[in-house]
Amino acid sequence: MLAGAQLAVGSAWGRPDDPAYYRALEQAPFAPPSWVFGPAWVIAKSGTSYAAVRTLRGQCRGKGRLLTLFAADAAVFVTFSYVYFRRRSPVLAAVWTVADAALTAVLLADLARQDSIAAAAVAPQAAWLSLAAPTAVWQAATNPDPLLGTPALTGSHA
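Computed from a predicted model, the values in this text were never measured in an experiment. (Residues numbered from 1 in each chain as written. Predicted model: local features only at pLDDT ≥ 70, side-chain atom pairs only at ≥ 80, totals over all residues. Heavy atoms only, no water.)

## Some points on the overall build of the protein
Here is step 1: Counting its regular elements, the protein contains 6 helices and 0 strands.
Here is step 2: Shown N-terminal to C-terminal, the secondary structure of the protein runs as helices and strands in the order α-α-α-α-α-α.
Here is step 3: Per-residue burial for the protein yields a buried fraction of 39% across its 158 residues.
Here is step 4: Within the protein, contacts between residues at least 6 apart in sequence are counted, and of these 76% link residues at least 24 apart. (Helix = DSSP H or I, 4+ residues; strand = E, 2+ residues; numbered from the N terminus. Buried < 20%, exposed > 50% of the residue type's maximum accessible area, 1.4 Å probe, protein only. Contact = heavy atoms within 4.5 Å.)

Here you go:
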């Protein structure tokens, strides 16, 4: 249920007003096809949500820190589509993605020391972000950012 709520809020806030926007962006040569993103995020957020509920119900050290990390991860996730699709900012999308990758890495390391089941549930998100973060950085470097007024650093849009 927690994963569904995150997915619904992120989708509602970030529903693109121009579906052609994403297709018009220059993509990294190693970027997965666009249809992979939905299923990958459903799997990732389901696991992370399970781990958050498990942490909330459990008796672990640093529970407050872990729950803060889960909350920060959820906040980054639900606002990502807004900065990327509504505000059309590849740079902010890259910052959000790298921040989520960092949050997830810290969360995974903390959970691995205390709850291997919760850590295993977060692992798909960590794996996905290990691809999504460099893909987002590449995209930010090769596409102009109309929100921030930054030109592309490389690529055909420069």
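## Some remarks on the nonpolar core
Here is step 1: Grouped together as the largest cluster of nonpolar side chains are 13 residues, with contacts concentrated most on Ala-51, Phe-70, Leu-107, Leu-111 and Val-122.
Here is step 2: With sequence-adjacent residues up to four places away left out, Ala-51 is seen in contact with Phe-70, Leu-111, Ala-118, Ala-121 and Val-122.
Here is step 3: Of all hydrophobic cores here, the second largest spans 8 residues; its members include Ala-40, Trp-41, Leu-129 and Ala-132. (Core = buried A, V, L, I, M, F, W, Y, C linked by side-chain atoms within 4.5 Å.)

## Topic: the packing of aromatic side chains
Aromatic ring pairs are reported here in terms of the distance separating the ring centres and the angle at which the planes meet.
Here is step 1: Scanning the model with the defined rule gives 7 aromatic pairs in all.
Here is step 2: For the pair Phe-37 and Trp-128, a centre-to-centre distance of 5.2 Å together with 85° between the ring planes defines the contact as edge-to-face. Linking Phe-37 in helix α3 (residues 34-57) with Trp-128 in helix α6 (residues 116-142), this pair joins segments that are 91 residues apart in sequence.
Here is step 3: Judged by centre distance (5.1 Å) and plane angle (50°), the ring pair of Trp-41 and Phe-77 falls under tilted. In this pair, Trp-41 is assigned in helix α3 and Phe-77 in helix α4 (residues 63-86), connecting sequence segments 36 residues apart. Taken as a pair, Trp-41 and Phe-77 share a single burial class, namely buried.
Here is step 4: Joined through ring pairs, the aromatic side chains of Tyr-21, Tyr-22, Phe-37, Phe-80, Tyr-84, Phe-85 and Trp-128 make up one cluster. (Phe/Tyr/Trp six-rings, centres within 6.5 Å; stacked < 30°, edge-to-face > 60°.)

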